[in-house]
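Take a look at the letters that make up each chain.
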Amino acid sequence: MLQFVIRRFGQSIVLVLIVTIITFFLMNLAPGGPSSMMRMDATEAEREAIAEQLGLNDPVIVRYGSWLINAFQGDLGLSLSSGQPVLDRIVERFPHTFNLAIWTVFFSVIIGIVLGIISAKNRNTWKDHLINFGSVIGLSVPSFWLAIMFILLFSVNLQWLPSSLVTGDSIWDTIKMYIMPVLILSTATLPTIVRFTRSSMLEVVSQNYVRTARAKGLKERTVVYSHALRNALIPVISIIGVLIPRMLSGTVIVESVFGWPGMGRLIVEAAQARDYNLVMGVTVVVTILVVLSNFIVDIIYSKVDPRVKNIG
Amino acid sequence: MKELLQVKNLSVEFQSDAGKIRAIDDVSFNVKPGETVCIVGESGSGKSVTSLSVMRLLEYENGSIAGGEVLFENEDLVTKSQEEMRKIRGNDISIIFQEPMTALNPVFTIGRQLIEGIQQHQDVSKKEAWDRACELLRLVGLNDVPVRMKQYPHELSGGMRQRVMIAIALAGNPKLLIADEPTTALDVTIETQILNLLNELKEKINMSIILITHDMGVAAEVADKIVVMYAGKIVEQGTVYQIFDEPTHPYTKGLLQSIPSDTDKKDRLYSIKGTIPSLNDLPQGCRFHPRCEFATDKCLQSEPPLLQENDREVACWNFKEVLKEKVKL
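Residues numbered from 1 in each chain as written. Chains lettered and ligands numbered in written order. Predicted model: local features only at pLDDT ≥ 70, side-chain atom pairs only at ≥ 80, totals over all residues.

1. Some words on the overall build of chain B
The line we're drawing: Here a helix means four or more residues in a row that DSSP labels H or I, a strand means two or more in a row labelled E, and each is numbered from the N terminus. Throughout, the radius of gyration refers to the C-alpha atoms, and the reference size of a globule is 2.2 Å times the residue count to the power 0.38. Three exposure classes are used, based on other C-beta atoms lying within 10 Å of a residue's own C-beta, which is placed from the backbone: buried for 20 or more, exposed for 12 or fewer, and partly exposed in between. Whether two residues are in contact depends on their C-beta atoms, placed from the backbone: they are in contact if these lie within 7 Å.
The number of helices and strands found in chain B is 13 helices and twelve strands. Taken against the 2.2 N^0.38 rule, which gives 20 Å for 329 residues, the C-alpha radius of gyration of chain B at 21 Å falls within 12% of a compact globule. Oriented by its inertia axes, the alpha-carbon framework of chain B measures out at about 65 × 50 × 45 Å. Considering chain B as a whole, with its 329 residues, one finds that 45% of them fall into the buried category. Residue pairs at least 24 apart in sequence account for 65% of intrachain contacts in chain B once pairs closer than 6 positions are excluded.

Encoded structure:
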């Protein structure tokens, strides 16, 4: 276990490094510069002065080097647009995205598995077809469009749900606030989980050990929900690890549409303002989040499947 | 002696894209208490289907019983509900499967898989079930039983897994054990051990065994009676002595000649020419005639009935001819 953690930690550092290199260089390839520099009323001399002050006149590789050294010491620098420390801005935004992500994972895993089982148990009936149709729609309709349609329907016309983050008093207000963003964000994960659970379940029920379980005279419920499901979930768990990054990138769109003050929107704002430090900071935090969630998925995986015990 | 199991005119059908396929057709045989009956035939002859339909497990796998009776202690299993069958499965009738590698659930410990079967049929505490499970594992010849109880299937060898399967099957003190190719996936030394174990257990707890195999050599070691199946039908049945000494069906004869012998090494191993026909494209007349060296015009035109002859049965028009030619073993 310890060995696994150490190996995983090493791999993660390399991964984070690669991600920061790519982001840093791509960011600097984009035309323009920090918004403070690009103000309409700034004179050429002022621009030069700001660039000099921000150290933007150094070669990219030197700037990356100094960013990296600072970052390793826990200093992600100051935001180029607001002047606040990058870390402060991230800490302020992080909980919103984290809550959104956690609820989305919970929702799509539980509902996804339940729908997948229903679909498999009613193979080729209207229930199965309906769930399949819904999955295809969810996967193929762009989430920004769906989000706008939801707002139009539930916020503007029906006035059931708030269209953006509003701080309410009751728990119900908070739940209402989450419903639409979680639903939209789930379209990135839920359909895949449903389809994986369905196909995995169908594969597992024809396995020999399911036949053995029936031959023991066990109740059909035990056969399906204990013997078959436990095995069917193994591939589903591994796909969840793949879906988490996909979902996190979905927050960029969902947070923008719903005016959600999370990291997804922060990175859009930062990129538009060419706030190099802020983009780098958010990228690092999101990458670490992905690495951590995949680590947790692997631990769960090894708990469910005893054949991979050597990992966890 | 009173019969324990009487299979009468059993037919089983499968639903397929090409319509209904009759996997076994009008199969009848009996099993007495304490007797070992071997069902022998090539892959696709309907042996496994027969065993699964006795357990009524086929309904979960797209198959259905199209006709006939399965009398177990004079009660017809075919008319029972699945709920009633659940009380019989793993209790009065147990089954072990061909692939010990895949027949155990990979994510549960051996102990759990044994205990759940015990607790399903017997009103015992967890502790009593645990003790009973340990006792069963010792009975099937495993050592380090407390360790084995906590192990997962992938930590055991094939032979050990098959022993665990047998232990699971014995949990309810079955009167009938169906063993579906229990040794096919195992190597030869383990095969002998498992067959000996089955023979021992049969004596110890006085159960009947239906052993399904494609290997006449295996049948010779354990069988009291042999039922030979071909393309979903019984072609011959009799005692092990009758079958081995005087096979009356050309297919049985072919199977016997296919047993490798130690003494006769100069010739190529005999094989029956051709392959078993597909069930949705059966030949006219006798199902075996395209592969039969005794085939006559009559065999091409009409299917031979199962003829009774001195306590044995054979479905061949020319069995007297077959009988004349002795098999060298």
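2. Overview of the UniProt feature "domain: ABC transporter" (unreviewed entry) in chain B
Keep this limit in mind: UniProt positions are given in the numbering used here, feature names are shortened, and annotations may be inferred rather than shown by experiment.
Within the UniProt annotation, "domain: ABC transporter" (unreviewed entry) is assigned to residues 5-256 of chain B. Its end C-alpha atoms 27 Å apart, residues 5-256 of chain B is made of 40% helix and 28% strand.

3. Brief notes about unusual backbone geometry
In this structure, Asn-62 of chain B is a non-glycine residue whose phi angle is positive, near 75°. A residue is classified by how many C-beta atoms lie within 10 Å of it, and Asn-62 of chain B, with 11 of them, is exposed.

4. What about the environment of Arg-163 of chain B?
All names here are of chain B. Mapped onto the secondary structure, Arg-163 falls in helix 7 (residues 158-170). Arg-163 gets classed as buried once you count the C-beta atoms within 10 Å, which come to 25. When the C-alpha positions of Arg-163 and Gln-193 are compared, they lie 9.8 Å apart, and in sequence the two are 30 residues distant. Not counting chain neighbours up to four residues away, the residues in contact with Arg-163 comprise Val-140, Gly-141 and Leu-142.

5. Some words on the sheet that holds strand 10 (residues 233-239) of chain B
Residue and element names in this part refer to chain B. Selection rule: In short, DSSP must find at least two bridges between two strands for them to pair. Here the axes come from fitting lines to C-alpha atoms, over the contacting stretch only for helices, and the angles between their N-to-C directions go from 0 to 180 degrees.
Read from one edge of the open sheet, eight strands run 6-7-8-3-9-10-12-11, paired in mixed fashion. The outermost strands of the open sheet, each flanked by one partner alone, are strand 6 (93-96) and strand 11 (307-309). Ignoring strand direction, the axes of neighbouring strands in this sheet form an average angle of 20°. Summarising the sheet, strand 9 (residues 225-230) and strand 10 pair through six bridges and their orientation is antiparallel. Within the sheet, the bridge partner assigned to Tyr-230 lies in strand 10 and is Lys-233. Together, strand 6 and strand 7 (176-180) form the strand contacts of helix 7, whose direction differs from that of strand 6 by roughly 170°.

6. Some details on the pairing of strand 7 of chain B
Residue and element names in this part refer to chain B. Burial analysis of strand 7 places five of its five residues in the buried class, the great majority of the element. Every second residue of strand 7 is oriented toward a common face, with Leu-176, Ile-178 and Asp-180 on one face and Leu-177 and Ala-179 on the other, all of them buried. Note that strand 6 and strand 7 share four bridges and pair parallel. Residue pairing for strand 7: Ile-96 is matched across the bridge by Ala-179. Bridging between strand 7 and strand 8 (residues 208-213) involves five bridges; their strand directions are parallel. Paired with Ile-178 across the strands is Ile-210, a residue of strand 8.

7. Considering the sheet that holds strand 1 (residues 5-16) of chain B
Residues and elements named next belong to chain B. Judged by pairing direction, the sheet is antiparallel, and its four strands sit side by side in the order 2-1-4-5 without closing on themselves. At either end of the open sheet lies a strand with only one pairing partner, and these are strand 2 (19-31) and strand 5 (75-76). With nine bridges joining them, strand 1 and strand 2 adopt antiparallel strand pairing. Within strand 2, the position partnered with Gln-15 by the bridge is Lys-20.

8. Some remarks on the confidence of the model for chain A
The condition is simple: Values of pLDDT, the confidence the predictor places in each residue, fall between 0 and 100.
Here chain A averages 87 in pLDDT, while 96% of its residues score no lower than 70. Looking at the elements of chain A, mean pLDDT is at its lowest for helix 2 (residues 44-54) of chain A, recorded as 77, and at its highest for helix 8 (residues 190-204) of chain A, recorded as 94.

9. Comments concerning the confidence of the model for chain B
Of the residues in chain B, 97% have a pLDDT of 70 or more, and the chain-wide mean is 88. Both scores are available for the predicted complex, with the pTM at 0.81 and the ipTM at 0.87.

10. Section: the interface of chain A and chain B
We apply this condition: Residue polarity follows a fixed list, in which Ala, Val, Leu, Ile, Met, Phe, Trp, Tyr, Cys and Pro are nonpolar, Asp, Glu, Lys and Arg are charged, and the others, Gly among them, are polar.
Of the residues lining the interface, 19 residues belong to chain A; the matching set on chain B comes to 25 residues. Among the elements of the structure, helix 9 (208-215) and helix 10 (220-257) of chain A are those that each provide at least two residues to the side of chain A that touches chain B. It is helix 9 of chain A that contributes the most residues to the side of chain A that touches chain B, seven residues altogether. Residue composition of the side of chain A that touches chain B, grouped by class: six nonpolar, six polar and seven charged.

11. Re the UniProt feature "transmembrane region" (unreviewed entry) in chain A
Residue and element names in this part refer to chain A. Following the UniProt record, the feature "transmembrane region" (unreviewed entry) maps to residues 12-30, 100-118, 130-155, 175-194, 232-258 and 278-301 here. With 95% helix and 0% strand, the stretch residues 12-30 has end C-alpha atoms that lie 27 Å from each other. In the segment residues 278-301, helix accounts for 100% and strand for 0%; the C-alpha atoms at its two ends are 34 Å apart.

12. Thoughts on the pairing of strand 10 of chain B
Two faces, one strand: in a regular strand the side chains alternate between the faces of the sheet. All names here are of chain B. The element strand 10 is extensively covered by neighbouring structure, given that six of its seven residues are classed as buried. Counted along the chain from strand 9 to the antiparallel partner strand 10, the turn is two residues long, and its residue Ala-231 has a positive phi close to 45°. In this sheet, strand 12 (residues 312-314) lies alongside strand 10 in antiparallel orientation, the contact comprising two bridges. Bridge pairing in strand 12 places Glu-236 opposite Val-314.

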